[in-house]
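Chains, contacts and geometry: an overview
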Amino acid sequence: MKRRQELGLGLLGVLLAFGVCEAVSRAGIVRRSYLPPASEVLSRALELAGDSVFLDGIGATLRAWVLGLGLACAIAVPLGLLLGSVPLVDAAVRAIVEFLRPLPSVALIPLVSLLLGSGTETKVALITYACVWPILFNTIYGLGETDPLAKDTLRAFGFGRLAVLLRVELPGTAPFIAAGIRISAAVALILAVATEILAGFGEGLGIFIAQASLSTEGTRDVLAGVVWAGALGLVINGVLVWGERRLFPWTPEQRERAAAYRGRGV
């Protein structure tokens, strides 16, 4: 029931925002060249679904998103397990990590573009850099939250360090890693589109938005591209949340949800 209420309230909020934008534009409060009616923007967004060139651009953006997020996972998870398991290594690299972490990825776009060009390599490099940090720190935090009694029990039965890591620490840390990946997925999509917008040429959703912004009547296309970006982010987040619920039913949140269902006789 709670999920249905949340879905209903979310849908209501979308309809209210749609109605306000439509009314403001139709009433002439804001010029249509600045804010086209929401119905026209939505119609244009649906029309773009049949444009093969636009869909190829969406594919290019998603390709960079997948590659960058995958590389970030491949780097951050092993590194986080190492730093969370070996305090000496964590202390040795902590200063470097704290120096690099605050650097905004967007500020690195000119430098990376100069070194790698403005193609997929630049997007992947920037996405990887930005996405490493949420996954890395979630992994370290997850290791710190692992049940010490379970680890001591395995050690008492003669299990080695690797066995404890694989049997207790990694399963206990997995929900935290998944949460970090979900956060990074949104960051990766934002950065992919932003990099394309600043590049201004090539292919991708950001390229479509950048080129539409140069047109005298391109506001509708710009907003249609933004609708597509938001829809992609919503779908990606929904899929990742669904995956977390299915893969990690033992987390406290899922146990509370299951107990509530049992209490209602579901």
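Residues numbered from 1 in each chain as written. Predicted model: local features only at pLDDT ≥ 70, side-chain atom pairs only at ≥ 80, totals over all residues. Heavy atoms only, no water.

**Observations regarding the state of the cysteines**
Counted according to the given criterion, the structure contains zero disulfides. Considering cysteine sulfurs only, Cys131 is the nearest to Cys73, which forms no disulfide, with 8.0 Å between them. (Disulfide = S-S within 2.5 Å.)

**Quick look at the pattern of salt bridges**
Following the criterion strictly, the structure yields nine salt bridges and no others. Here Arg44 makes a salt bridge to Asp221, at a shortest N to O gap of 2.6 Å. Here the residue Arg44 occupies a position in helix H2 (residues 38-48), and Asp221 occupies one in helix H10 (residues 219-247), the gap between them amounting to 177 residues. Taking the relative accessible area as the measure of exposure, Asp221 reaches 17% and is therefore buried. One network of salt bridges, in which partners are shared, links Asp90, Arg94, Glu98 and Arg101. (Salt bridge = Lys/Arg side-chain N within 4 Å of Asp/Glu carboxyl O. Helix = DSSP H or I, 4+ residues; strand = E, 2+ residues; numbered from the N terminus. Buried < 20%, exposed > 50% of the residue type's maximum accessible area, 1.4 Å probe, protein only.)

**Examining empty space enclosed by the protein**
Using the criterion set out here, one finds one cavity of 30 Å³ or more in the structure. Computed from the structure, the largest cavity encloses a volume of approximately 30 Å³. Lining the largest cavity are Leu83, Asp90, Val93, Arg94, Val97, Leu136, Phe137 and Ile140. Residue assignment for the lining of the largest cavity shows that the elements contributing at least two residues are helix H4 (87-100) and helix H6 (120-144). With four residues, the single largest contributor to the lining of the largest cavity is H4. (1 Å grid on protein atoms, 1.4 Å probe; cavity = no way out; pocket = protein on both sides within 12 Å on 5 of 7 lines; lining within 4 Å. Points joined across faces, edges and corners; volume = space filled by probe spheres on them.)

**Description of the packing of helix H3 (residues 52-85) against H10**
One can describe the packing of H3 onto H10 by two numbers: an axis separation of 13 Å at closest approach and a directional angle of 45°. Relative to H10, the element H3 lies oblique. In this structure, the crossing between H3 and H10 has a hand that is right-handed. Contacts from Phe54, Leu55, Ile58, Leu62 and Trp65 of H3 reach H10 at Trp228, Leu232 and Ile236. Its residues assigned to classes, the contact of H3 with H10 comprises eight nonpolar, no polar and no charged. (Axes fitted to C-alpha atoms, helices over the stretch in contact; angles between N-to-C directions. Parallel < 35°, antiparallel > 145°, perpendicular 65-115°, else oblique. Left-handed = near helix turned anticlockwise from the far one by under 90°. Contact = heavy atoms within 4.5 Å. Nonpolar A, V, L, I, M, F, W, Y, C, P; charged D, E, K, R; others polar.)

**Observations concerning the packing of H3 against helix H8 (residues 161-199)**
Two elements in contact, H3 and H8, have axes separated by 8 Å at closest approach and are oriented at 145°. Relative to H8, H3 is oriented so that their crossing is right-handed. Residues of the contact of H3 with H8, tallied by class, amount to 14 nonpolar, three polar and three charged.

**A short note on a nonpolar patch on the surface**
There is a patch of nonpolar side chains on the surface, built from Leu71, Ile75, Leu79, Leu82, Val86 and Leu88 and spanning about 510 Å² of accessible area. The biggest single contributor to the nonpolar patch is H3, with four residues. Locating Leu79 in the fold gives a position in helix H3. (Patch = residues over 30% accessible without salt bridge, like charges linked within 9 Å, V, L, I, M, F, W, Y side chains within 5 Å. Areas by Shrake-Rupley, 256 points an atom, 1.4 Å probe, with all protein chains shown as cover.)

**Structural notes on the packing of aromatic side chains**
Enumeration according to the criterion identifies five aromatic pairs in this entry. An angle of 35° between the planes, with centres 6.5 Å apart, marks the rings of Trp133 and Phe137 as tilted. With Trp133 and Phe137 both in helix H6 and four residues apart, the pair spans about one turn of that helix. Under the relative-accessibility criterion, Phe137 is labelled partly exposed at 23%. Grouped by ring-pair contacts, the aromatic residues Phe54, Phe208 and Trp228 constitute a single cluster. (Phe/Tyr/Trp six-rings, centres within 6.5 Å; stacked < 30°, edge-to-face > 60°.)

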